[in-house]
Amino acid sequence: MKKLKVYIPGISFPSVSLTGNYCTLNCAHCGKHYLEGMKKVTKHNLVEYCKSLEKEGYKGCLLSGGMDSRLKVPLDLYSSEIERIKKETKLKLNAHVGFIDDKDLEWVRHVDAVSLDFVGDDDVIRRVYKIEKGVRDYLEIIDLLTSNGIKVAPHITIGLDFGRIWWEYKAIDMLREYPIEVLVLDVLIPTRGTEMENIKAPSVEESLKVVKYARERFDGELSIGCMRPLGKWRLEFDKGAIEEGVDRITNPPRKVIEWAKTIREVEIIYECCVM
C-alpha cells in the first residue's frame, strides 16, 4: 500500500470563525454547535492574528464561520485581508465557503484550498440544511472552482440523512467526473442540542462500505476527515479505513497510528487534511 498521511491539525492549523457563533441556518446535524469550538476572529484583527500564528510556528488555518442570508460564509467581505495574509505571511489557507459564485473568484484565488460540504440528494439537502438548494447548485460550485484552477476538496458526511446511509454512493459517482485531488469522508456524530442528538450513529460496518466504494471508484486521494464518532467506534473504523487503503486520515487514536506503522509507511503532518 501507499504511504499513509496522518493529519493532526489542532497543533498548528487552527479553525477560525469569522462570524463568531452566528449562522443564519439551524442545520439538523449541527445547530451552530461546531462554531463554538472555533477561534473567533474579526475583520479588524484577522491579519494581525495570522501574523502572530506564523511567528508562533503555525502552518496555516481554516477560515470558516456560519452562513449569512446569501448562504455564503462571508469571506468575500475579507478579500483584502486574505490577500494581505498571503502576501505578508507563508501561511496556508483552507476556506470553508458555502454557495459562492463567479463574483467570489477575486478573493478565492488567494486561498490554497476550498473545502465544500457536498450532498448528493435534493431531499436530504432540504431536510438537513433546510434550504432551497439542490445537487445542481453544489456541482455548479465545483465546476466554477475546478474550471478556474482552484483546488476544491468536497466533504461527504456519511450518515447525514439522520443516520441513514444511501445517497453517499451516488454522490461519490457524481464527483468522479471532476478533477478533484482530494475527497474527504466524514461520518455523522449525533450531537447534543441538535435535531439528531438522539439518533444512532452510523455503524462502523456500513460506514466502511462507503469508504470501500469510494476507494474503488475515486482516482484521487481519499481522506478521512475530522468529523466522526470517538471511542471504540473510531478505533474500529480508523483501522478498517486504513486497511481499505485511504491515503489520509485525521486525528486517529495514538494506538491506531502505532498499529498503522506495522502495515504501512506513515507520515505525520500537522495541517488540515486537504493540504
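Residues numbered from 1 in each chain as written. Predicted model: local features only at pLDDT ≥ 70, side-chain atom pairs only at ≥ 80, totals over all residues. Heavy atoms only, no water.

(A) Broad picture of the packing of aromatic side chains. Summed over all chains, the structure comprises four aromatic pairs. Relative to Y138, the ring of F118 lies with its centre 5.9 Å away and its plane at 85°, an arrangement referred to as edge-to-face. A residue pair is termed long-range when its members are at least 10 positions apart, and F118 in the loop between β6 (113–117) and α4 (122–129) and Y138 in helix α5 (residues 135–147) qualify at 20 residues. We classify F118 as buried; its relative accessible area is 1%. Under the relative-accessibility criterion, Y138 is labelled buried at 4%. Members of the aromatic cluster, each reached through a chain of ring pairs, are F99, F118 and Y138. Taking the ring centre of Y78 as reference, the NZ or CZ of K43 above it sits at 5.5 Å. The ring of F99 carries the charged tip of K133 above its face, separated from the ring centre by 5.1 Å. (Phe/Tyr/Trp six-rings, centres within 6.5 Å; stacked < 30°, edge-to-face > 60°. Helix = DSSP H or I, 4+ residues; strand = E, 2+ residues; numbered from the N terminus. Buried < 20%, exposed > 50% of the residue type's maximum accessible area, 1.4 Å probe, protein only. Lys NZ or Arg CZ within 6 Å of the ring centre and 35° of its normal.)

(B) Fine view of the sheet that holds strand β4 (residues 60–64). In space, the eleven strands of this open sheet follow the order β3-β2-β4-β5-β6-β7-β8-β9-β10-β1-β11, with parallel pairing throughout. Here the strands that pair on one side only, and so sit at the sheet edges, are β3 (39–40) and β11 (266–269). Note: strand β7 (residues 152–158) against strand β8 (residues 182–187), four bridges, orientation parallel. Paired with I156 across the two strands is L185, which belongs to β8. Here helix α6 (residues 167–175) sits on the sheet in contact with β7 and β8, set at roughly 165° to β7. (Pairing = 2+ DSSP bridges. Contact = heavy atoms within 4.5 Å. Axes fitted to C-alpha atoms, helices over the stretch in contact; angles between N-to-C directions.)

(C) Expanded view of unusual backbone geometry. Backbone geometry at K130 places phi at a positive 60°, although glycine is not the residue there. Turning to its location among the elements, K130 is positioned in the loop between α4 and α5. Among the residues examined, K130 registers a relative accessible area of 42% and is labelled partly exposed. Of note in the backbone geometry, N251 takes a positive phi value of approximately 50° without being a glycine. Topologically, N251 is positioned in the loop between β10 (248–250) and α9 (254–260). On the accessibility criterion, N251 (28% relative accessible area) is partly exposed.

(D) Representation of the pairing of strand β1 (residues 4–7) within the structure. Across the two faces of β1 the burial is the same, with L4 and V6 and K5 and Y7 all buried. For β1 and β11, the ladder comprises four bridges, and the chain directions are parallel. Within β11, the position partnered with K5 by the bridge is E267. Two strands pair when backbone bridges link them, and β1 and β10 are joined in this way by three bridges, in the parallel orientation. Residue pairing across strands places Y7 opposite T250, the latter belonging to β10.

(E) Region of interest: the packing of helix α7 (residues 204–217) against helix α8 (residues 231–244). Close contact between α7 and α8 brings their axes to 10 Å; oriented N to C, the two are set at 25°. On the basis of the axis angle, α7 is roughly parallel to α8. Taken as a pair, α7 and α8 cross one another with a handedness that is right-handed. When α7 is examined against α8, the residues V204, S207, L208, V211, K212 and R215 are found in contact with a partner set consisting of W233, E236, F237, G240, A241 and E244. Among the residues forming the contact of α7 with α8, the class breakdown is six nonpolar, two polar and four charged. (Parallel < 35°, antiparallel > 145°, perpendicular 65-115°, else oblique. Left-handed = near helix turned anticlockwise from the far one by under 90°. Nonpolar A, V, L, I, M, F, W, Y, C, P; charged D, E, K, R; others polar.)

(F) Examining the packing of helix α1 (residues 46–55) against helix α2 (residues 79–88) more closely. Running from N to C, α1 and α2 cross one another at 25°; their axes reach a closest spacing of 9 Å. Classed by the angle they form, the pair α1 and α2 counts as roughly parallel. Read as a crossing pair, α1 and α2 show a hand that is right-handed. Contact with α1, carried on its side by L46, V47, C50, K51 and E54, involves E81, R84, I85 and E88 of α2 and no other residues of that element. Taken together, the residues that form the contact of α1 with α2 break down as four nonpolar, no polar and five charged.

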